[in-house]
Amino acid sequence: MKQTLIYSILVLLLLSCGKKEFKNNSLVGLESQVDSLVTPWIDSSKIAGLAVAVYRGDEKILLKSYGYADLEFDVKLPVNASFEIGSITKQFTAAAILQLAEQGKLSIDDDITKYLNFNTHGRKVTIRHLLSHTSGIKGYTELPEFATVGLQKYDRDTLLRIVETKPFDFEPGDLLIYSNTGFFMLGLIIEKVSGMTYEEYITKNLFEKAGMSNSYYCSESRIIKNRAHGYDTHEGGLVRAAYLDHTWPYSAGSICSTVEDLVKRNNAVHSGKMMGESIYKEFISPFVLNNGTVTHYAKGISITKKNGETMLEHGGGINGFLSENRYFTDDKISIVVLINSTGPIGPELAAQFITDKLFGKPSQKFSLFNGNLSIFTGTYKGPGRGEELNIEVTKNDSTLLIHSADRGTTVLSYLEGYLWTDGNVTFQFAGTGDSINDLRIDYIYGFAILKKLI
C-alpha cells in the first residue's frame, strides 16, 4: 500500500512533464562555455578525453568530444567513441527485469531463491530488494577476495559461493546500501528466465529497440573500432587502466556505449519503447524502507530534484572510465558525459555546469539553527558500504561539523527541523524532543541509519 501511494504521487509529478516551455536563450553560447570549462582539463594529470551530448528529445543541442582516445599514440577522441559506462549498466539491467515482469515471466516481489541457488540464511530477499540496493547482501566489490577473483575467469556461481558466506549488512528493506552483488544476481535471473545470455538479451531487447548500434557488452580482449582506452590515476598522473575481467562487472557494470547511444536509450525508455506505461511507473517508483522512509533510488535509477527540475540519473565508475547520464523529465533533456580516465575530475562537474546553464543555478536558502547545537553532537555508528560507518558530529559557534575517515571534515548548513545538508547529502537527526537517538543520512544512492552512542 505504501509503495502504491508513493509511486502514484511520483507518477503524477512525472506525467505532468512537458508543460513548461524550455528556455531556448539558455542555449546561446553553450558550446563555447563548455569548451572553456573542459579544454583546461585535457592534461596527462587530469583527464585523457571527454565526450558530451545534450539533447532535447531527438533534437541535438550539443555533441562534442575533447582530448584523446589513446594517449600513447595521440589519437584524438572521436565523438562516437565507445566507453565503458560502469554502473549506468544498472539502468539496462533493471529495464530488462521489468520487461520480463511485464511479460509475466517473473514478479519483482518473488523470492530470489526461486531463481538462484543462494543461501539467504532464512531471510526473504526479493527481486525488488536487489533492484533497489536494499537486500542487505554484502557487496562483492568491497570484499578482499575480489582483488584476486576479479583478475580471473571462473564460473559466475563462484562469486555467489563467496558472498553467501558473509553476514548480511542489515535486514532486507531496513537500509539502502549500494551493492553490486544485487545487480550481478539480477543478470543471472535474466538468463535463467529468458533462456538467453545477458549479452544476447540486452542486445536484442534493449540496444536494438532503442537503435543503439554502437553499444555492446564490454570485452577486455576483443578489438573494437572507436573504443576509447581507459586510464587510471597514480601518483598525480594518468596510467593505463588496471585489468578487470568482464566476467565480473557483468550486469552491474559491463556495458560499453557512446554518448549518442545513451541519449537514444533515454528517449526510448521514457517514451514507452522499452516497456509499457504500467511497468514504467514501477521502474521510476522509489523504494520505501521498512520504517516508511521514501528513498531517492528506484530500480537502477535515482530520482531527485536538481535545479528545480525532476531528474532521473545514474553515474558509473569502472577501471579507467567515469560516466554520468541525466534525464530531465519536464523538457525531455538528456545530458550525458563520458570520460576515459578516473582522474581528479569527474563527469558530474561538466554535467552540473550544463545543468546550471540550461536551468539556472539553484538558489539554496539556509537558516541559522536557534536551538542548542549540543544535542546533536556525539559519535554515530552503523552499517555502511563495505565497512561500518563511524561519524563524529561536533559544533562551532553557528553550525554543525561532520567528521569521518573517508570524507574528512564537512561543514553542514541548516535546513529545517532537525534536517541539515552539506549541499549534496542530507543529514536528518531523529529522536524525542532534545534527545537524539540516531542520524539518518540520505546519499541518494544510499540511505544509512546510524545509532548515537551513549
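Residues numbered from 1 in each chain as written. Predicted model: local features only at pLDDT ≥ 70, side-chain atom pairs only at ≥ 80, totals over all residues. Heavy atoms only, no water.

Q: Sorry if this is basic, but what is going on with the sheet that holds strand β8 (residues 255-257) here?
A: Whenever strands of a sheet pair, they do so through backbone hydrogen bonds, lying parallel or antiparallel. If you trace the three strands from one edge of the open sheet to the other, you get β4-β8-β5, paired in antiparallel fashion. Of all the strands in the sheet, just β4 (83-84) and β5 (216-217) have a single pairing partner and so form its edges. Summarising the sheet, β4 and β8 pair through two bridges and their orientation is antiparallel. Bridged to Phe83 within β8 is Ser257. (Pairing = 2+ DSSP bridges. Helix = DSSP H or I, 4+ residues; strand = E, 2+ residues; numbered from the N terminus.)

Q: Can you walk me through the pairing of strand β9 (residues 302-306) in this structure?
A: Put simply, side chains in a regular strand alternate between the two faces of the sheet. Where β9 lies against strand β10 (residues 309-318), five bridges are found, and the strand directions are antiparallel. Directly across from Lys306, in β10, lies its bridge partner Glu309. Counting the residues in the hairpin turn of β9 and β10 gives two residues, including Asn307, whose phi is positive at 55 degrees.

Q: It is not clear to me how the pattern of salt bridges should be interpreted in this structure. Could you clarify?
A: Should the charged atoms of two oppositely charged side chains come close, the side chains can pair. As enumerated under the stated definition, the model contains 20 salt bridges in all. As a salt-bridge pair, Lys451 and Asp438 come within 3.6 Å of each other at their nearest N and O atoms. One end of the pair, Lys451, is in strand β21 (residues 447-452); the other, Asp438, is in strand β20 (residues 435-442), and 13 residues separate them in sequence. (Salt bridge = Lys/Arg side-chain N within 4 Å of Asp/Glu carboxyl O.)

Q: Whenever I open this one, helix α10 (residues 259-270) confuses me. Can you help?
A: It helps to recall that an α-helix has 3.6 residues per turn; residues three or four apart then point in one direction. Over its 12 residues, α10 extends 17 Å from the first C-alpha to the last, a length consistent with the 16 Å expected when each residue adds 1.5 Å. Buried residues dominate α10, accounting for 10 of its 12 residues. Val259, Asp261, Leu262, Val263, Arg265, Asn266, Asn267, Ala268, Val269 and His270 are the residues of α10 that are buried. The positive-phi residue at the C-terminal boundary of α10 is Gly272, with phi of around 95 degrees. (Expected span 1.5 Å × (residues − 1). Buried < 20%, exposed > 50% of the residue type's maximum accessible area, 1.4 Å probe, protein only.)

Q: I would appreciate a short explanation of the environment of Leu100 in the present structure.
A: Within the fold, Leu100 resides in helix α3 (residues 89-102). Of the residues examined, Leu100 reaches a relative accessible area of 0% and is grouped as buried. The spatial distance from the C-alpha of Leu100 to the C-alpha of Leu160 is 23 Å, given a sequence separation of 60 residues. Beyond its immediate chain neighbours, meaning those up to four positions away, Leu100 contacts Lys105, Leu106, Ile190, Val193, Ser194 and Tyr201. (Contact = heavy atoms within 4.5 Å.)

Q: Can you walk me through the packing of α3 against helix α8 (residues 198-210) in this structure?
A: In a pair of packed helices, the angle between the axes and the distance between the axes together describe the arrangement. Where α3 meets α8, the axes come as close as 10 Å, and the angle between the chain directions of the two elements is 90 degrees. Considering the angle they form, α3 stands roughly perpendicular to α8. Contact residues: α3 offers Thr89, Phe92, Thr93, Ala95, Ala96, Gln99 and Leu100, while α8 offers Tyr198, Tyr201, Asn205, Leu206, Phe207 and Lys209. Grouping the amino acids of the contact of α3 with α8 by side-chain chemistry returns eight nonpolar, four polar and one charged. (Axes fitted to C-alpha atoms, helices over the stretch in contact; angles between N-to-C directions. Parallel < 35°, antiparallel > 145°, perpendicular 65-115°, else oblique. Nonpolar A, V, L, I, M, F, W, Y, C, P; charged D, E, K, R; others polar.)

Q: Looking at this model, I keep getting lost on the packing of aromatic side chains. Mind explaining?
A: Two aromatic rings, taken as a pair, are described by how far apart their centres are and by the angle between their planes. Tallying each qualifying case throughout the model produces 20 aromatic pairs. Taking 5.9 Å as the distance between ring centres and 80 degrees as the angle between the ring planes, the aromatic pair formed by Tyr297 and Tyr445 counts as edge-to-face. Placement of the pair is Tyr297 in the loop between α11 (277-283) and β9 and Tyr445 in the loop between β20 and β21, with a sequence separation of 148 residues. Summarising the aromatic geometry, the rings of Phe369 and Tyr414 are spaced 5.2 Å apart at their centres and angled 70 degrees between planes, so their arrangement reads as edge-to-face. Within this pair, whereas Phe369 is found in the loop between α12 (347-359) and β13 (378-383), its partner Tyr414 is found in strand β17 (residues 413-416), the two being separated by 45 residues in sequence. You'll find Phe369 and Tyr414 in the same group, each marked buried. The rings of Tyr140, Phe146, Phe184, Tyr198, Tyr217, Trp248 and Tyr250 are connected pair by pair, giving a single aromatic cluster. Residue placement shows Arg156 over the ring face of Tyr250; its charged tip is 3.7 Å from the ring centre. (Phe/Tyr/Trp six-rings, centres within 6.5 Å; stacked < 30°, edge-to-face > 60°. Lys NZ or Arg CZ within 6 Å of the ring centre and 35° of its normal.)

Q: Just checking my understanding: could you explain the environment of Val75 for this structure?
A: With respect to the helices and strands, the residue Val75 is situated in strand β3 (residues 75-76). For the pair Val75 and Glu282, spaced 207 residues apart in sequence, the C-alpha separation works out to 43 Å. In contact with Val75, not counting residues within four places along its chain, are Tyr68, Ala69 and Asp70.

Q: What is the right way to look at the confidence of the model for the protein chain in this model?
A: Close inspection of predicted coordinates is inappropriate for parts of the model with low pLDDT. Averaged over every residue, the pLDDT of the protein chain is 92; the share at 70 or more is 94%. Note that pLDDT drops below 50 for residues 1-22; the model gives that stretch 40 contacts with residues more than four away or on any other chain. (pLDDT = per-residue confidence, 0-100.)

Q: I'm lost on the nonpolar core in this one. Help?
A: As a rule of thumb, nonpolar side chains are buried together in soluble globular proteins. In this structure, Leu106, Ile127 and Ile189 are the most contacted members of the largest nonpolar core, which totals 89 residues. In contact with Leu106, not counting residues within four places along its chain, are Ile97, Leu100, Ala101, Tyr115, Ile127, Ile189 and Val193. Listed in part, the 22 residues of the second largest apolar core include Leu30, Val52, Ile345 and Ala351. (Core = buried A, V, L, I, M, F, W, Y, C linked by side-chain atoms within 4.5 Å.)

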